[in-house]
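# Report on the structure
Take a look at the letters that make up each chain.
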Amino acid sequence: MVSSSTQHSGSIGAVSQKGIPDEVDVAIVGSGGAGLMAALTAAKEGARVLVVESREIVGGATGISAGAAWIPNHGFSTKDLKVNDDLDQARRYIYGQGRDQILDHDLVEKFLETGPHVARFIEEHTPFGWIPTIWPDYRSDIDGASVGRALFPGPYSPEGLGENAKFVRPALTTGMAKNPLPFWLLGGIGTDDVWLAGPALIGALLEAGLRNGVDVRVEAPATRLVTDESGVRGIVVQADGVEHTVRATKGVVLASGGFESSTEITTTYLDAPFGVQVSPKGHDGIAVQLAQEVGADLTGMEDAWWMPGVQLPGEELEGRPLARVFLGERALPHSIMVNSKGERFANEALAYDQFGQIMREVDPETGTMPNAKAWLIFDQNYWTKFGIFGVTPGGEVPDYLHRAGTLSELASTIGVDETGLLRTVDRFNPEAARARDPQFHRGDTMFDRYFGAYYPRLGKNSPDARFPVATAKARMRIAAAIGPIVSKLAGRVAKKNDPERVRSLVVGPLAKIIRPVLKSPQSSVLGPVDTAPYYALEVEASALGTVGGPKTDALGRALDTDGKIIPGLYAAGNSGGAPTKGFYGGAGGTISLGLVFGYLAGKEAAGRQNDA
């Protein structure tokens, strides 16, 4: 059930159309998951709230994501999931591998304690519900890891937004070749009746915010903070070349995302800009700038939510190239990844944050990043079994793939050292044929094997294994045929807004489908690269977002370089110096931090005593 306050409805639009208030209680910079969460929470506490967004559309990085949230001990459908979890187990996981000596325990404890409450707060106050599923943590084989902490967005009906739905991006797709979840069934679903993934979460938060009086102004970047002797008192916003000063009597929340788009800041703190971008425009580090200008301390500036990316020709978002995130394809057999020397440099099946970080490692001798550009090398076995990015297995080879009759010819085509590549494949193949990888231990962990080629029920007799091309085509036809029906049904379910009912129907069957995959063998991710022709796909290091920003306490209050609270300044999300620094717990690990600390910052700001 969605509850709304009795105050006036909010509005969304450009300043030229909707105007901008001279004074509010809480001003929020940024409209992603953290910003909209802070806005809704502050509004529910009775505050007058303004959100300013530099882009013409809301959602930030959350809006183009899967919208998942990693919430330990969430308590949803645990019987159906057959998963036991508690905070002690989550603590062992987060603090493991020496992180107990690095992380701020106050922030971690607040995240763990508040996460389940925030997940339910969202369901209570928005037309939205979570669907938990089986998904291994990204360090799946260390003490405290779980397979049931990921919450995915349920269906959301954009009907409640009305004409304001135009301010939310439609869902994007990666076309992942292999996924344990039956996402292929949604391939023909439209966006008129129902939204899924990141747009569902953003749409629900926006709708609830507007219903509770939040005003949102797009194309209105914040350019500086207003301060006096008592602290931060407001923001200056630029719109259509005109500056507008907005007084914020209780505080300003910085939630504008990271700085992955900034050449200057990424060079200063991360050694070099990113070759490709997997996040949308607007993440230029304004939060870092605003925070520094008022004396805030910075933290986590050398960390990022690392992600390999693949830029396909012509693919862009709002006028700028947007690369695809590179996920499960790396874990499939009959493939390796190599650098320009033709050498493997990591376990290809690692979680994307770990693999992406290795791609960004700097060679101390040369000062370069030898793995920042790499190549996925695979053979005809891979192509006929899996295809790539939604291309039918064995189908027409797209222009972005390089193909050659021999590995030597392929190496010459892509500019990779021929001797190095041949030596690498000669070393890899005999062991891979035995489902072993003594060099990098690919397939040793549950997470490695989660995206592998494993068919637990029928094994080699599975249609996917015996007839991959026909099976893929059949799925496409089925998805296209049932798409309109699924859209209508999902839209009706979303309008009813009964998350418990949805979970009772969906979680159990999904768990039965996925749980056997957890027993996938090492052979599911290993196979020799030995069948011509051979293929190569260019992959570059990138990041879903950066981590660094103003250091905060456990309530989201920004701290200065002496560790003292800066009155009236708060931060959350990728602009808030993430409490786990670069540790990515599992699917939705970044969004959950944004939601939890957005909630805490919004609540704390709204409750601050006005000493004006």
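Residues numbered from 1 in each chain as written. Predicted model: local features only at pLDDT ≥ 70, side-chain atom pairs only at ≥ 80, totals over all residues. Heavy atoms only, no water.

## A look at the packing of helix α2 (residues 33–44) against helix α18 (residues 589–607)
Two elements in contact, α2 and α18, have axes separated by 7 Å at closest approach and are oriented at 35°. For α2 against α18, the interelement crossing comes out right-handed. The segment α2 lies against α18, with Gly33, Ala34, Met37, Ala38, Thr41 and Ala42 engaging Gly594, Leu595, Gly598, Tyr599, Gly602, Lys603 and Ala606. Looking at the contact of α2 with α18, its residues break down into 7 nonpolar, 5 polar and 1 charged. (Axes fitted to C-alpha atoms, helices over the stretch in contact; angles between N-to-C directions. Helix = DSSP H or I, 4+ residues; strand = E, 2+ residues; numbered from the N terminus. Left-handed = near helix turned anticlockwise from the far one by under 90°. Contact = heavy atoms within 4.5 Å. Nonpolar A, V, L, I, M, F, W, Y, C, P; charged D, E, K, R; others polar.)

## Looking at the packing of α2 against helix α6 (residues 105–125)
Helix-helix packing is described using two parameters, namely the angle between the two axes and the distance between the axes. Between α2 and α6, the least distance of the axes is 12 Å, while the angle of their chain directions is 70°. It follows that α2 is roughly perpendicular to α6 by the angle criterion. Contact residues: α2 offers Met37, Leu40, Thr41 and Lys44, while α6 offers Val118, Phe121, Ile122 and His125. A per-class count over the contact of α2 with α6 returns 5 nonpolar, 2 polar and 1 charged. (Parallel < 35°, antiparallel > 145°, perpendicular 65-115°, else oblique.)

## Re α18
Its 19 residues place the ends of α18 27 Å apart at the C-alpha level, agreeing with the 27 Å of an ideal helix rising 1.5 Å per residue. The buried fraction of α18 amounts to 16 of the 19 residues, a majority that puts the element mostly inside the structure. (Expected span 1.5 Å × (residues − 1). Buried < 20%, exposed > 50% of the residue type's maximum accessible area, 1.4 Å probe, protein only.)

## Considerations on the pairing of strand β7 (residues 215–218)
The alternating pattern of β7 places Asp215 and Arg217 on one face and Val216 and Val218 on the opposite face, and all of these are buried. In the sheet, strand β1 (residues 12–14) pairs with β7 via 3 bridges, with the strands oriented parallel. From the neighbouring strand, Ala14 faces β7, where its bridge partner is Val218. The pairing of strand β3 (residues 49–52) with β7 spans 3 bridges and is classified as parallel. (Pairing = 2+ DSSP bridges.)

## Observations concerning the packing of aromatic side chains
Note on aromatic pairs: each is described by the distance of the centres and the angle between the planes. All told, the structure shown has 26 aromatic pairs when counted by the stated rule. Note on Phe128 and Trp130: the rings are 4.8 Å apart at their centroids and 85° apart in plane angle, and the pair reads as edge-to-face. Here Trp130 falls in the buried class, since its relative accessible area comes to 1%. Here Phe447 and Phe451 contribute two aromatic rings whose centre-to-centre distance is 5.8 Å and whose plane-to-plane angle is 80°, an arrangement assigned as edge-to-face. In this structure Phe447 comes out as buried when scored by relative accessible area, which is 4%. Residue placement shows Arg120 over the ring face of Phe76; its charged tip is 4.1 Å from the ring centre. A cation over an aromatic ring shows up here: Arg330 above the ring of Phe355, its NZ or CZ 4.8 Å from the ring centre. (Phe/Tyr/Trp six-rings, centres within 6.5 Å; stacked < 30°, edge-to-face > 60°. Lys NZ or Arg CZ within 6 Å of the ring centre and 35° of its normal.)

## Some remarks on the environment of Trp375
Checked against the element boundaries, Trp375 lands in strand β17 (residues 373–379). Residue class for Trp375 comes out buried when judged on its relative accessible area of 5%. Distance in space between the C-alpha atoms of Trp375 and Gly342 is 8.8 Å, their sequence separation being 33 residues. The contacts of Trp375, once residues within four sequence positions are left out, are Ile336, Met337, Val338, His402, Ile414, Val416, Ala536, Leu537 and Glu538.

## Digging into the pattern of salt bridges
Evaluated as defined, the whole model comprises 26 salt bridges. For Glu123, the salt bridge identified is with Arg503, shortest N-O distance 2.5 Å. In this pair, Glu123 is assigned in helix α6 and Arg503 in helix α17 (residues 499–514), connecting sequence segments 380 residues apart. The same class applies to Glu123 as to Arg503, namely buried. Among the charged side chains, a network of salt bridges with common partners joins Glu23, Asp25, Arg48 and Arg247. (Salt bridge = Lys/Arg side-chain N within 4 Å of Asp/Glu carboxyl O.)

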